Amino acid sequence: MPQSDELKRYRCYEIFSQSTGVEIREASKITEEHGAVTERSGRIHLRFFKLTPKTKPDDVTQIRFICEPDEAFALSQLILQVTASTVPCKEKLNPHKFSTGESGGETVTTVSVEKWERGGKSGYAVTVGRGKDFISVPVPLAKFTFAGEFLRSLSTEQCWVERMEKKTATPAHR
């Protein structure tokens, strides 16, 4: 398949630590009926990733978390709350739960923000967890607060929907 040389612009903010990172960007959810797109709606995509190579074949190197606009706004508010705290604290978004097939299993994904203090050092982090896998991204204060502001901005900008308009036949006048 030929590749396009066209640049595509989208709003995105990436934060890198020594071994992990998180990408925050605009996204959309597509709803289909009978193979045709009937609706698109705005979302915010968080992609947490490891910068280190896999050590085992089943190692998780990235975890995605798709927020609805109000969830991204809530996450921005949690970041504000954590930065205003005078003591270490951790706040979580409501988890996302998905059924994992016929076995009745459930996959739970959580995103949290925290102010931490360990061994005389302190800082901030954004973390995603899915089952036993976690990716934590330590973040300096300025990048942490910027991420909160970016999430707040994206949350209102991504609050949109495109729907197919139902065409109705106009009744004939008598």
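Check the entry above for the structure.
It should be emphasised that the depicted structure is a prediction, and the values quoted were computed from it without experimental measurement.

Student: Before we move on, can you summarise the overall build of the chain with the specific residues and values?
Tutor: Regarding its fold elements, the chain presents two helices and 10 strands. Listing every helix and strand of the chain by position from the N terminus yields β-β-β-β-α-β-β-β-β-β-α-β. Compactness check: the chain gives a C-alpha radius of gyration of 20 Å against a globular reference of 16 Å for 174 residues, more than 25% above the reference. Taking the principal axes of the C-alpha coordinates as reference, the chain spans close to 85 × 45 × 40 Å. Across the 174 residues that make up the chain, the buried fraction comes to 33%. Element-wise, carbon and sulfur atoms account for 51% of the exposed surface of the chain, whose accessible area totals about 12,100 Å².

Student: Summarise unusual backbone geometry; cite the residues concerned and give the values.
Tutor: Phi at histidine 34 takes a positive value of approximately 55°, unusual for a residue other than glycine. Relative to the helices and strands, histidine 34 is located in the loop between strand S2 (20–33) and strand S3 (36–50).

Student: Account for helix H1 (residues 69–84), with residues named and values stated.
Tutor: With 16 residues, H1 extends 23 Å between its outermost C-alpha atoms, agreeing within 8% with the 22 Å of an ideal straight helix rising 1.5 Å per residue. All of the buried residues in H1 are Pro69, Glu71, Ala72, Leu75, Ser76, Leu78, Ile79 and Val82.

Student: Before we move on, can you summarise the packing of aromatic side chains with the specific residues and values?
Tutor: Scanning the model with the defined rule gives five aromatic pairs in all. With a centroid separation of 5.7 Å and 65° between ring planes, the pair formed by phenylalanine 16 and phenylalanine 49 is classed as edge-to-face. Here the residue phenylalanine 16 occupies a position in strand S1 (residues 12–16), and phenylalanine 49 occupies one in strand S3, the gap between them amounting to 33 residues. Between tyrosine 124 and phenylalanine 144, the aromatic rings sit 4.9 Å apart at their centres with planes inclined by 25°, giving stacked as the arrangement. Here phenylalanine 144 lies in helix H2 (residues 141–157) and tyrosine 124 lies in strand S8 (residues 121–130), a separation of 20 residues in the sequence. Across the pair, exposure class does not vary: tyrosine 124 and phenylalanine 144 are buried alike. Through successive ring pairs, a cluster of aromatic residues spans Tyr13, Phe146 and Phe150.

Student: Which residues make up the environment of histidine 96, and what values go with them?
Tutor: Structurally, histidine 96 is set in strand S6 (residues 96–99). For the pair histidine 96 and glutamate 68, spaced 28 residues apart in sequence, the C-alpha to C-alpha distance is 11 Å. Reaching out from histidine 96, the side chain makes a polar contact with the side chain of glutamate 71 at a distance of 2.7 Å.

Student: Explain the pairing of strand S4 (residues 62–67) to me, using residue names and the numbers behind them.
Tutor: The alternating pattern of S4 places Ile63, Phe65 and Cys67 on a buried face and Gln62, Arg64 and Ile66 on a face that is not buried. Two strands pair when backbone bridges link them, and S3 and S4 are joined in this way by six bridges, in the antiparallel orientation. The partner of phenylalanine 48 across the bridge, within S4, is isoleucine 63.

Student: Give me the nonpolar core: which residues, what numbers.
Tutor: Nonpolar side chains tend toward joint burial in soluble globular proteins. Ile24, Leu46 and Phe48 are the most contacted members of the largest nonpolar core, which totals 29 residues. Setting aside residues no more than four positions away along its own chain, isoleucine 24 makes contact with Arg11, Cys12, Tyr13, Ile44, His45, Leu46, Ala147, Phe150, Leu151 and Leu154.

Student: Quick one: what's the story with H2, residue by residue and with numbers?
Tutor: Here H2 contains 17 residues, and its C-alpha end-to-end distance of 24 Å stays within 8% of the 24 Å for a straight helix at 1.5 Å per residue. Within H2, the full set of buried residues consists of Phe144, Ala147, Gly148, Phe150, Leu151, Leu154 and Ser155. One face of H2 carries all of its buried residues, which in axial projection span an arc of 165°. Relative to its buried face, H2 has exposed residues pointing more than 90 degrees away, namely Ala142 and Thr156.

Reading the values: the criteria
- Residues numbered from 1 in each chain as written.
- Predicted model: local features only at pLDDT ≥ 70, side-chain atom pairs only at ≥ 80, totals over all residues.
- Heavy atoms only, no water.
- Helix = DSSP H or I, 4+ residues; strand = E, 2+ residues; numbered from the N terminus.
- Rg over C-alpha atoms; globule rule 2.2 N^0.38 Å.
- Buried < 20%, exposed > 50% of the residue type's maximum accessible area, 1.4 Å probe, protein only.
- Areas by Shrake-Rupley, 256 points an atom, 1.4 Å probe, with all protein chains shown as cover.
- Expected span 1.5 Å × (residues − 1).
- Phe/Tyr/Trp six-rings, centres within 6.5 Å; stacked < 30°, edge-to-face > 60°.
- Polar contact = N/O pair within 3.5 Å; in protein donor to acceptor, adjacent residues only side chain to side chain.
- Pairing = 2+ DSSP bridges.
- Core = buried A, V, L, I, M, F, W, Y, C linked by side-chain atoms within 4.5 Å.
- Contact = heavy atoms within 4.5 Å.
- Arc of directions from axis to C-beta.

Treat this as a map of the structure, not an account of what it does.
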